[in-house]
There are 2 protein chains.
Amino acid sequence: MTAHKVVLVVLDGVSDRPCTELGGRTPLQAAHTPTLDSIASGGICGIMDTISPGIRPGSDTAHLSLLGYPPKKFYTGRGPLEAEGSGIHMEPGMIGFRCNFATIDRAGMIVDRRAGRIHRTEPLSISIQKGVDLSRHGVEFFFRSGAGHRAALALKGEGMGFCVSSNDPKKDGVAPLPFRALKAAPDDAKTAMVLNDFEQQSRAILRDHPLNRERQSSGVPPANIVLIRGAGQMGSFQPFPERYGMKGGVIAAATLIAGIGKAVGLEYIPVAGATGSADTNLPGKVEATINALKNREFVLLNIKGADEAGHDGKALEKRAFIERVDETLAPLIDLDDCLLVVCSDHSTPCAIRDHSADPVPIVLNGEGVRVDSVKSFDEISCAHGGLHRICGESLMPIIIDLVDRAHKYGA
Amino acid sequence: MTAHKVVLVVLDGVSDRPCTELGGRTPLQAAHTPTLDSIASGGICGIMDTISPGIRPGSDTAHLSLLGYPPKKFYTGRGPLEAEGSGIHMEPGMIGFRCNFATIDRAGMIVDRRAGRIHRTEPLSISIQKGVDLSRHGVEFFFRSGAGHRAALALKGEGMGFCVSSNDPKKDGVAPLPFRALKAAPDDAKTAMVLNDFEQQSRAILRDHPLNRERQSSGVPPANIVLIRGAGQMGSFQPFPERYGMKGGVIAAATLIAGIGKAVGLEYIPVAGATGSADTNLPGKVEATINALKNREFVLLNIKGADEAGHDGKALEKRAFIERVDETLAPLIDLDDCLLVVCSDHSTPCAIRDHSADPVPIVLNGEGVRVDSVKSFDEISCAHGGLHRICGESLMPIIIDLVDRAHKYGA
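Parameters at a glance
Residues numbered from 1 in each chain as written. Chains lettered and ligands numbered in written order. Predicted model: local features only at pLDDT ≥ 70, side-chain atom pairs only at ≥ 80, totals over all residues. Heavy atoms only, no water. Contact = heavy atoms within 4.5 Å. Buried area = accessible area lost by both parts, 1.4 Å probe. Salt bridge = Lys/Arg side-chain N within 4 Å of Asp/Glu carboxyl O. Polar contact = N/O pair within 3.5 Å; in protein donor to acceptor, adjacent residues only side chain to side chain. Helix = DSSP H or I, 4+ residues; strand = E, 2+ residues; numbered from the N terminus. Pairing = 2+ DSSP bridges. Buried < 20%, exposed > 50% of the residue type's maximum accessible area, 1.4 Å probe, protein only. pLDDT = per-residue confidence, 0-100. Axes fitted to C-alpha atoms, helices over the stretch in contact; angles between N-to-C directions. Core = buried A, V, L, I, M, F, W, Y, C linked by side-chain atoms within 4.5 Å. Phe/Tyr/Trp six-rings, centres within 6.5 Å; stacked < 30°, edge-to-face > 60°. Least-squares fit on C-alpha atoms with pLDDT ≥ 70 in both.

**Remarks on the interface of chain B and chain A**
So, point 1. On the chain A side, the residues contacting the 24 residues of chain B number 35 residues.
So, point 2. For the pair chain B and chain A, the summed buried surface comes to about 2300 Å²; carbon and sulfur atoms form 50% of the total.
So, point 3. In this assembly, chain B and chain A are joined by 4 salt bridges.
So, point 4. With a closest N to O distance of 3.0 Å, Asp354(A) and Lys408(B) form a salt bridge.
So, point 5. Here chain B is connected to chain A by 19 residue pairs in polar contact (both at pLDDT 80 or more).
So, point 6. Elements represented by at least two residues in the side of chain B that touches chain A include exactly strand E13 (388-391), helix H14 (392-402) and strand E14 (408-409) of chain B.
So, point 7. Examining the composition of the side of chain B that touches chain A, we find that 5 residues originate from one element, H14(B), more than from any other.
So, point 8. Sheet analysis places strand E3 (residues 56-57) of chain A next to E14(B), joined by 2 bridges and oriented parallel.

Okay, structure coming up:
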């Protein structure tokens, strides 16, 4: 007997190193986690290099790897995945970018790279989409607002490269940079030229936009320039249902993770109140996961808050968030006919406030797995597990084997 | 917090198999090693295939792998690395060889492949360097004496290959072999022709050399021919400081290891009395390591003696040497702000008197590592460690991550 459905829970950045504030324990070790420990006790555990040993994964490259789309082959940059997550339908070959609305002063100097942390930028995006015209370059574009000051841009046209620099100088008090081709290729030169034109046209639209006039009269910084970075070309992904024979969904607050899920052919399942921070609607995401399984065989559930605490270097908050997550995950234990996989996409040690290459803990729990003696879900205990040390790229093949959908290699 | 400096101690050939003379224990298990055990207790341990499972590493390929220059890409033979270690500055593309001074009789038969284990061959090398002329081939050459009967040769010129045979028949009583191209390529044919010319010219110089006349009148074998082997083409190595952002040094008695270190851009740090044998100046090498860290972030310390004992099949001597090493390494425990890594480059089991592919033990000790429960530094205990089984190629990425110099792949 084997389970037929799969829930893959990715606790974003939950993995850590020993923390001084926690007496040399990791947040996962220090947290009271009866649910996770029960999943570990009934499952097979291990540690995992989501890319490969010593390589520090981004959330994007790690999730591609976990879903069985190796980033070396499928990753060209964050832009196209963010664009997909923002609601732009990215076709293979389209060039995608991450954007910020920002503020420049009369002298053309950047004074606020987040335009006073502006919210609800849709009126600006709609005006840009209507007003900018790139047809003289033979280029179609798509511009969408994201959360807060964020947005996404996609370009569609012949002969366009993605090796271009950004106009974002990454600091205030200086002028935006011109877009440049990073190689001497005509494709990249074309993209740079189109972006320079897009910047000029969008600046003209934003300068006199009613929403910006309003902001200026209220004394808040206007969103009068779009900073554009993270260039990449949308790849061609064999759709998840075709690759694995399972219909799947993705539940994630982060645009990037939603975009990766959609790019590979998972259906995006929105959840009200999911924020990607510690205040996210955790029970809602778990409930949506259980509901999604009714007519799907696979759900990727990404929970982001622990990563944020790691980036902030807050070990105690990370532990507290883990305990909340643990409580909320309890209903997943009782799922019928389901292989439950819990892991992380990368470590975000509080001590270094960024991603690290330390392997992440992983557990697979469900009918047919070889249960090992690990009783606790944490970085140190799972290292003693029956899975040993695996690579992220191996996860989907292992899952597919355990739910009996794998094909024999040979006879 | 993380350490910022790295000491990589390679106990050359220390790794072994169970030895009958030691009651079925390995020399590392049998030795009293409080220093190594304390490093293991406070660190994360594992086993490592320096190349890949089942592949018997040479010291050269293993060290390239450990330094993050995969031998499949960077290794073309021992010659160019020995030449670099002998003090010849090897530029990318130059062809390098290992040489022996040897003795031939009047009939042209080799009678001693080490010329009576001759020492101090510099007068011969200088005469060869001055007297041999390869300019008719458009070739420049560099010839240097090494330890004992050893020497190194490098050729610099256009259109030269390195797939050539040796003139060393590897036994006495026969004539030296002609150099031949191993493929039907004109580049290799040119190198073979140049080597045949070098042999003839150098024989003429050595025949009447005063030092050889003196030897003959003292009844010791003259060094009247150069045997040449280990052909390889110097590769192009991204310099270590550029690759890893760390200035580094290498401390090693063996010319080969010094050559590898220099080839990849580590500064060679000579230590008086370092011999590469059991009688080496161990405290001097450890002291030099500590001094070298004052203005460098990385030191590779190679200690060779255990390998020799393994090649000689002497388990008791290997154990005794390990105990001496252990005592001498003690000051490294107290280094501040330092990630201390101890491993071996390959196993040299006394039972087989040569390198084997058995994985080697490894420990990483320093701020931030996930300390595991291993209490003893040996092949069997380390196999239970938190690192599990890694490949040599992964070592530098793991180190670079732990000292917080790694770049994120993705976002």
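**Let's talk about the pattern of salt bridges**
Residues and elements named next belong to chain A.
So, point 1. Under the counting rule described, the total for this entry stands at 28 salt bridges over all chains.
So, point 2. Of the charged contacts in the structure, one is a salt bridge between Arg389 and Asp49, with a shortest N-O distance of 2.7 Å. Taken as a pair, Arg389 in strand E14 (residues 388-391) and Asp49 in strand E2 (residues 44-49) lie far apart in primary sequence, 340 residues in all. The exposure classification of Arg389 matches that of Asp49, with both residues buried.

**Details of helix H3 (residues 59-66) of chain B**
Residues and elements named next belong to chain B.
So, point 1. Extensive coverage of H3 is indicated by the burial of 8 of its 8 residues.
So, point 2. Inspection of H3 places Ser59, Asp60, Thr61, Ala62, His63, Leu64, Ser65 and Leu66 among the buried residues, and these make up the whole buried set.
So, point 3. Of the residues flanking the end of H3, it is Gly68, one or two places downstream, whose phi is positive at about 85°.

**Observations concerning the sheet that holds strand E12 (residues 338-343) of chain A**
Residue and element names in this part refer to chain A.
So, point 1. Spatially, the 8 strands line up as an open sheet ordered E10-E9-E11-E1-E12-E13-E2-E14, and their pairing is mixed. The open sheet terminates on both sides in strands that have one partner only, identified here as strand E10 (267-268) and E14.
So, point 2. In terms of strand pairing, E2 meets E14 through 4 bridges, oriented parallel. Across the sheet, the residue bridging to Asp49 is Cys391, located in E14.

**Points about the confidence of the model for chain A**
So, point 1. Looking at chain A as a whole, the pLDDT averages 96, with 100% of positions reaching at least 70.
So, point 2. We note a pTM of 0.92 for the whole complex and an ipTM of 0.90 for its interfaces.

**Some words on the environment of Gly46(B)**
Residues and elements named next belong to chain B.
So, point 1. Within the fold, Gly46 resides in strand E2 (residues 44-49).
So, point 2. Along the sequence, Gly46 and Phe377 sit 331 residues apart, while their C-alpha atoms lie 9.5 Å from each other.
So, point 3. Not counting the four nearest positions on each side in its chain, Gly46 is found in contact with Val360, Pro361, Ile362, Cys382, Leu387 and His388.

**Description of the pairing of strand E1 (residues 5-11) of chain B**
Residue and element names in this part refer to chain B.
So, point 1. The element E1 is extensively covered by neighbouring structure, given that 6 of its 7 residues are classed as buried.
So, point 2. In the sheet, E1 pairs with strand E11 (residues 338-343) via 6 bridges, with the strands oriented parallel. Considered in E11, the bridge of Val9 is made with Val342.
So, point 3. Inspection of the sheet shows E1 paired to strand E10 (residues 298-303) by 6 bridges, in the parallel sense. Counted as the bridge partner of Val9 is Leu301 from E10.

**Some words on the side chain of Ser347(A)**
So, point 1. Relative to the assigned elements, Ser347(A) resides in the loop between E12 and strand E13 (360-365).
So, point 2. In terms of polar contacts, Ser347(A) uses its side chain to reach the backbone carbonyl oxygen of Asp358(A), at 2.9 Å.
So, point 3. For Ser347(A), the residues in contact, after removing those within four places along its chain, are Ser15(A), Asp16(A), Asp354(A), His355(A), Ser356(A), Asp358(A), Pro359(A), Val360(A) and Arg370(B).

**Observations regarding the sheet that holds E2(B)**
Residue and element names in this part refer to chain B.
So, point 1. Reading across the sheet, the 8 strands line up as E9-E8-E10-E1-E11-E12-E2-E13 and stay open at both edges, with mixed pairing between neighbours. Unpaired on one side and paired on the other, strand E9 (267-268) and E13 mark the two borders of the sheet.
So, point 2. Relative to E10, helix H11 (residues 282-292) is tilted by about 170°, and along the sheet it contacts E1, strand E8 (248-251) and E10.

**Some details on the pairing of strand E3 (residues 95-104) of chain B**
Residues and elements named next belong to chain B.
So, point 1. For E3, the tally of buried residues reaches 10 of 10 residues, placing the bulk of the element in the interior.
So, point 2. Because side chains alternate across E3, one face comprises the buried residues Ile95, Phe97, Cys99, Phe101 and Thr103, and the other comprises Gly96, Arg98, Asn100, Ala102 and Ile104, equally buried.
So, point 3. As defined by bridge partners, E3 adjoins strand E6 (residues 150-156) across 6 bridges and the pair is classed as antiparallel. By the bridge assignment for E6, Gly96 is matched with Ala154.
So, point 4. Pairing of E3 with strand E7 (residues 225-233) involves 7 bridges; the strand directions are antiparallel. Counterpart to Gly96 in the pairing with E7 is Gly232.
So, point 5. For E3 and strand E4 (residues 110-112), the ladder comprises 2 bridges, and the chain directions are antiparallel. In the sheet register, Thr103 faces E4, and the bridge partner there is Asp112.
So, point 6. Hairpin connection, E3 to E4: the antiparallel pair is bridged by 5 residues, and Gly108 has positive phi, about 85°.

**Let's talk about the nonpolar core**
So, point 1. Core analysis: the largest hydrophobic core is formed by 52 residues, its most contacted members being Leu67(B), Tyr69(B), Phe240(B), Phe298(B), Leu339(B), Ile362(B) and Leu364(B).
So, point 2. At 6 residues, the largest contribution of residues to this core is made by H14(B).
So, point 3. Those residues in contact with Leu364(B) that sit more than four places away from it in its chain are Gly43(B), Ile44(B), Leu339(B), Leu340(B), Val341(B), Val369(B), Leu387(B), Ile398(B), Ile399(B) and Leu402(B).
So, point 4. Among the nonpolar cores identified, the runner-up in size contains 51 residues, and Val10(A), Phe298(A), Leu339(A) and Ile399(A) belong to it.

**What to know about the packing of aromatic side chains**
So, point 1. In total, this model carries 17 aromatic pairs over all chains according to the counting rule given.
So, point 2. Each ring, one from Phe74(A) and one from Phe237(A), has its centre 5.2 Å from the other, and the planes form 15°; the classification is stacked. A residue pair is termed long-range when its members are at least 10 positions apart, and Phe74(A) in helix H4 (residues 71-74) and Phe237(A) in the loop between strand E8 (225-233) and helix H9 (240-244) qualify at 163 residues.
So, point 3. For Phe74(A), a relative accessible area of 10% puts it in the buried group.
So, point 4. By relative accessible area, which is 10% here, Phe237(A) ends up buried.
So, point 5. Between Tyr75(A) and Tyr409(B) the ring centres are 6.0 Å apart and the planes differ by 85°, which places this aromatic pair in the edge-to-face class.

**Describing the relation of the copies chain B and chain A**
So, point 1. Mapping chain B onto chain A leaves a residual RMSD of 0.2 Å; the transformation is a rotation of 123° accompanied by 0.2 Å of translation along its axis. In short, the pair behaves as if placed about a three-fold rotation axis. Within chain B, the C-alpha atom positioned nearest to the axis of rotation is that of His388(B), 4.0 Å from it.

**Considering the side chain of Thr348(B)**
All names here are of chain B.
So, point 1. In this fold, Thr348 is placed in the loop between E11 and strand E12 (360-365).
So, point 2. Here Asp307 takes part through its side chain, which lies 2.6 Å from a polar atom of the side chain of Thr348.
So, point 3. In terms of polar contacts, Thr348 uses its side chain to reach the side chain of His346, at 3.1 Å.
So, point 4. Sequence-distant contacts of Thr348, defined by excluding residues within four places in its chain, comprise Gly13, Ser15, Asp16, Asp307, Gly310, His311, Lys318, Asp354 and His355.

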